[in-house]
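Coordinate analysis (summary)
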Amino acid sequence: MGTADVLTRITIPTGGVTDVEYMPAGWNITGTSTRLNPLMPSAQIQTVAALDTKDASTTVSRIIYSYEGGWNFYLEGGTGGYDENPIPRVDRTFAGFAKVTESDGRTSTTLYYHQGNGTNSSQGEFEDQHAKIGLPYREEVRQVSGSLYEVKISKWDRASISVSGSECCRYS
């Protein structure tokens, strides 16, 4: 694929290389051809599809990535998703992907991220809001068979702090 200005190869000083493959986010599909990012245009954002690490002659490892639930968050009006209006909007923020999966052939790790578009409490998300965009709240590790091996839930909460008489907040 002829994508300009992206990292395609990392040369390791000991003679190995890591090759990077890309795929437009809108092209991510399930095994049944269902689009994982239906609210995104097909070529809007390039995502890393795979990393192949090789020693001098053979492939040592291959990691495959999948991205789901891409979301554009609009600060004024709109409800998110892909804006079909051809006029560029300056108030639009890409809120990342709801779910990113990394598979190495032995295990699969899925990270769930805050997007500022509503709380998914059934998955452990706590009070989703715009300030939490991009922060992970759940990590699942599965065996290649699909058996759940480990789940971690992270809670990002607001804490007020006072500095020289002015008050602000932080997430931890």
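The following paragraphs examine the structure supplied in this document. (Residues numbered from 1 in each chain as written. Predicted model: local features only at pLDDT ≥ 70, side-chain atom pairs only at ≥ 80, totals over all residues. Heavy atoms only, no water.)

This part is about the pairing of strand S8 (residues 107–113). As defined by bridge partners, strand S7 (residues 99–103) adjoins S8 across 5 bridges and the pair is classed as antiparallel. Its bridge partner lying in S8, Thr101 is registered against Thr110. What sits between the antiparallel neighbours S7 and S8 is a turn of 3 residues, in which Gly105 has the positive phi angle 95 degrees. (Pairing = 2+ DSSP bridges. Helix = DSSP H or I, 4+ residues; strand = E, 2+ residues; numbered from the N terminus.)

A separate point is a nonpolar patch on the surface. Residues Leu148, Val151 and Ile153 make up a contiguous nonpolar surface patch of about 240 Å² in total accessible area. As for its position among the elements, Val151 is in strand S10 (residues 148–153). (Patch = residues over 30% accessible without salt bridge, like charges linked within 9 Å, V, L, I, M, F, W, Y side chains within 5 Å. Areas by Shrake-Rupley, 256 points an atom, 1.4 Å probe, with all protein chains shown as cover. Salt bridge = Lys/Arg side-chain N within 4 Å of Asp/Glu carboxyl O.)

Here the focus is the packing of aromatic side chains. For any pair of aromatic rings, geometry is given as the distance between the ring centres together with the angle between the planes. Under the definition given, this model contains 3 aromatic pairs. Measuring from centroid to centroid gives 5.2 Å for Tyr67 and Phe97, while their planes differ by 50 degrees, and the two rings are tilted. Of this pair, Tyr67 sits in strand S4 (residues 59–68) while Phe97 sits in the loop between strand S6 (92–94) and S7, and the two are 30 residues apart along the sequence. Taken individually, Tyr67 and Phe97 each receive the classification buried, so the pair is uniform in this respect. For the pair Tyr112 and Tyr137, a centre-to-centre distance of 6.2 Å together with 50 degrees between the ring planes defines the contact as tilted. Of this pair, Tyr112 sits in strand S8 while Tyr137 sits in strand S9 (residues 136–143), and the two are 25 residues apart along the sequence. This pair shows no difference in class: Tyr112 is buried, exactly as Tyr137 is. (Phe/Tyr/Trp six-rings, centres within 6.5 Å; stacked < 30°, edge-to-face > 60°. Buried < 20%, exposed > 50% of the residue type's maximum accessible area, 1.4 Å probe, protein only.)

What follows concerns the pattern of salt bridges. On inspection of all chains with the given rule, the structure shows 8 salt bridges. The shortest N-O distance in the salt bridge between Arg62 and Glu21 comes to 3.1 Å. Taken together, the residues Arg62 in strand S4 and Glu21 in strand S2 (residues 17–24) connect sequence positions 41 residues apart. The class for Arg62 is partly exposed, based on a relative accessible area of 35%. Given the relative accessible area of 34%, Glu21 is considered partly exposed. With its nearest N and O atoms 2.8 Å apart, the salt bridge here joins Arg138 to Glu140. As far as burial versus exposure is concerned, Arg138 and Glu140 are alike and both buried.

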